[in-house]
Amino acid sequence: MFTYCVDHDTLGQLAWLSCYLTTGVHMSFYLAFLKVLALLAVTAPVALGFGFLGAMAARSHFPPLAWFGKGYIAIVRGVPDIAFFLFFVIALDQAFEWTRHKILCPDWPAEVRQGNDFLVCPQAKLPLGTSPEWVHETYGFFLAVVTFAIVFGAFAANVLYGGMRAVPHAQLETAEAYGMTQRQTFWRVLVPQMWVYALPGLSNLWMVLIKATPLLFLLGIDDIVYWARSLGGTKTAQFTDYPHGDWRMWYFLFLLVFYLAFTRVSEVALERLMRRLTHGQATTGGEAMRRAAA
Amino acid sequence: MKKLILSAAALVLAAGMAVAQDKTVRMGTEGAYPPYNFVNDKGEIDGFEREFGDELCKRAGLTCEWVKNDWDSIIPNLVSGNYDTIIAGMSITDERKKVISFTQDYYPPTESAYVAASEGVDLKGGIVSAQTATIQAGFIAESGATLVEFATPEETIAAVRNGEADAVFADYDYLAPIVAESGGSLMFVGERVPLGGGVGMGLRQSDGELLGKFDKAITEMKADGSLNTLLKKWFGEETVTY
């Protein structure tokens, strides 16, 4: 990257390090951090949405919907995350491809399942074999987001379900006494008040979600763990301009610091949000704030 | 929210359909096994197989694209169509032939070797590390030594350095540069063992046409000596040639 990097053998230590840390592979490493942040930025709201729908379904008065919501929460919460991560990515991909296969190649003679193989017609492959590599990578990322959202959505659903039930019943009865319909009560009274009860649980989930991002590595995405392992490995002078020994420890230490810093920043931000939400609420926290102000 | 997911899915479907139909051959490799294949400083796939594969594609008139994949899932992902060839220093064995087909070999049957941190380690009864799902791992499992497997070749070496294993068993060509640069802390021990039926490209069994094209290009490169030039460039002057 820097012009003095051409003579990499004669560099001083600091200059050597500056060249080493700006090689093309390191750029991929830094890009992987953006990937992780992007995953979080997309997954968190989607998972919250799944959670909200799940919680609404679970408290529905229409039994099949309630069973669906409660079943979703119970099943996903009860199965190890890692099993779901491996299952959903394969299952979603095969479900998409199978659907496309049925639509695009109705006259395909061969079986889709042949022993271990799952063979759809070439037009139904996702992404198509002819697509450029970035499409394949984006598709993999998309599957990862959906999987994360399904898993974390179930936990969020449980938290929100609890939050909704924690809103004082008197509030809802008062709303009804004023003649609000059930829908109005839900949106105008219940939902605005439930966040303060749900937030501790949700903030917990956010922390777990941050820490779960290295699971991307399991899904075959070149994330920060992949690059830390591959860059930290021993490099011999024959194949690189910057040979070094086994530096994996330093790379993983850097990941550790990154995650610690990230979770710390999240903690501070969530605490501020909690203060805002507590304001004027009929909770001990809200009461304490009222007294302090009075 | 549902809308977002649906529209994202629709986007994926649409993007898939819009792409032109001329065939790109996706070449799957590990990118962690120098000199066969590795990721260079620029972040590109490099090595003997990169150069060789690009030349094959040129001769066969194919557009090729390189894809990285972990070693332990490299065969399943070929079979399920995530890429079209495996070109990753994979030895031709009868067991693998049951699942995929191979081109003719482009690297003669390889010798595998033991590397240890000191002379006189017990290779028959000690602990030996090897990469998962390699012919070397299969050999160690039957040799009487205790096998410890790792997902990447890098980790098999690290296991010897930190004392977890007495020795590592891998392709001689992979070990040679590492031993040369270890400053005497690693050394070859014991006899070299010839293993496997040479290194070939792996393709799906249903992909006979593509296999024929690559086979023809390999034959050409063997005949005009350009394969030997490449072998010498990457594996040294005294390497076995055709």
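Residues numbered from 1 in each chain as written. Chains lettered and ligands numbered in written order. Predicted model: local features only at pLDDT ≥ 70, side-chain atom pairs only at ≥ 80, totals over all residues. Heavy atoms only, no water.

### A short note on the overall build of chain A
Along the backbone of chain A there are ten helices and two strands. Ordering the α and β elements of chain A from the N terminus gives α-α-α-α-β-β-α-α-α-α-α-α. Taking 294 residues into account, the globule formula puts the C-alpha radius of gyration at 19 Å, and chain A, at 25 Å, lies well above it. Summarising its shape, the C-alpha atoms of chain A cover approximately 80 × 70 × 30 Å along the three principal directions. By residue count, 45% of the 294 residues in chain A fall in the buried class. Pairs at least 24 residues apart make up 67% of the contacts formed inside chain A by residues separated by at least 6 positions. Split by element, the accessible area of chain A, about 16,000 Å² in all, is 66% carbon and sulfur. Between the averaged position of the 21 positive side-chain charges in chain A and that of its 19 negative side-chain charges there is a distance of 14 Å. (Helix = DSSP H or I, 4+ residues; strand = E, 2+ residues; numbered from the N terminus. Rg over C-alpha atoms; globule rule 2.2 N^0.38 Å. Buried < 20%, exposed > 50% of the residue type's maximum accessible area, 1.4 Å probe, protein only. Contact = heavy atoms within 4.5 Å. Areas by Shrake-Rupley, 256 points an atom, 1.4 Å probe, with all protein chains shown as cover. Lys, Arg positive; Asp, Glu negative; His and termini not counted. Charge placed at Lys NZ, Arg CZ, Asp CG, Glu CD.)

### Let's talk about the layout of surface pockets
Its volume calculated, the second largest pocket comes out at about 670 Å³. Pro122 of chain A together with Lys23, Asp84, Arg204 and Asp207 of chain B are, among the 26 residues lining the second largest pocket, the residues nearest its centre. In terms of residue count, the dominant contributor to the lining of the second largest pocket is helix H8 (residues 208–223) of chain B (four residues). Here the lining of the second largest pocket is composed, by residue class, of eleven nonpolar, eight polar and seven charged. (1 Å grid on protein atoms, 1.4 Å probe; cavity = no way out; pocket = protein on both sides within 12 Å on 5 of 7 lines; lining within 4 Å. Points joined across faces, edges and corners; volume = space filled by probe spheres on them. Nonpolar A, V, L, I, M, F, W, Y, C, P; charged D, E, K, R; others polar.)

### A short note on the sheet that holds strand S8 (residues 110–116) of chain B
Residue and element names in this part refer to chain B. Strands sit in the order S10-S9-S11-S8-S12 across an open sheet of five strands; the sheet is mixed. Of all strands in the sheet, those with a lone pairing partner are strand S10 (146–150) and strand S12 (187–195), marking the two edges. For this sheet, the mean angle separating the axes of adjacent strands, direction not counted, is 25 degrees. Of the pairings in the sheet, the one linking strand S9 (residues 127–131) to strand S11 (residues 167–171) comprises two bridges and is parallel in character. Within the sheet, the bridge partner assigned to Val128 lies in S11 and is Ala167. (Pairing = 2+ DSSP bridges. Axes fitted to C-alpha atoms, helices over the stretch in contact; angles between N-to-C directions.)

### Topic: the side chain of Ser112 of chain B
Residue and element names in this part refer to chain B. Examined against the element boundaries, Ser112 turns out to sit in strand S8. Within the local environment of Ser112, its side chain forms a polar contact with the side chain of Gln136, the two groups lying 2.9 Å apart. Ignoring anything within four residues of it in the chain, the contact list for Ser112 reads Gln136, Phe169, Ala170, Asp171, Tyr172, Arg192, Val193 and Leu195. (Polar contact = N/O pair within 3.5 Å; in protein donor to acceptor, adjacent residues only side chain to side chain.)

### Quick look at the domain arrangement of chain B
Residues and elements named next belong to chain B. If you check the domain split of chain B, you get domain 1 (23–108 + 198–235) and domain 2 (110–195). One C-alpha centre belongs to domain 1, the other to domain 2, and the line joining them spans 25 Å. Both sides together, the interface formed by domain 1 and domain 2 hides about 1,100 Å², and carbon and sulfur atoms give 52% of it. If you sort the residues of domain 1 by the area they bury against domain 2, Tyr33, Trp71 and Asp72 come out on top, with a joint share of 38%. Applying the counting rule to domain 1 against domain 2 returns zero salt bridges. Along the contact surface separating domain 1 from domain 2 lie seven residue pairs in polar contact (both at pLDDT 80 or more). Its residues assigned to classes, the side of domain 1 that touches domain 2 comprises ten nonpolar, two polar and three charged. (Domains from an automatic or database assignment. Buried area = accessible area lost by both parts, 1.4 Å probe. Salt bridge = Lys/Arg side-chain N within 4 Å of Asp/Glu carboxyl O.)

### Some thoughts on empty space enclosed by the protein
Residue and element names in this part refer to chain B. This model, assessed by the stated rule, comprises one cavity of 30 Å³ or more. What the largest cavity holds in volume is close to 170 Å³. Around the largest cavity sit 19 residues that line it, and Tyr33, Gln131, Thr134, Gln136 and Asp171 are the ones nearest its centre. Only S9, helix H5 (135–143), helix H6 (153–161) and S11 provide two or more residues apiece to the lining of the largest cavity. Residue composition of the lining of the largest cavity, grouped by class: ten nonpolar, six polar and three charged. Each of domain 1 (23–108 + 198–235) and domain 2 (110–195) accounts for three or more of the residues forming the lining of the largest cavity.

### A look at the environment of Gly69 of chain A
All names here are of chain A. Tracing the sequence through the fold places Gly69 in helix H3 (residues 63–78). Owing to a relative accessible area of 0%, Gly69 belongs among the buried residues under this scheme. The sequence separation of Gly69 and Ile82 amounts to 13 residues, and the corresponding C-alpha distance is 22 Å.

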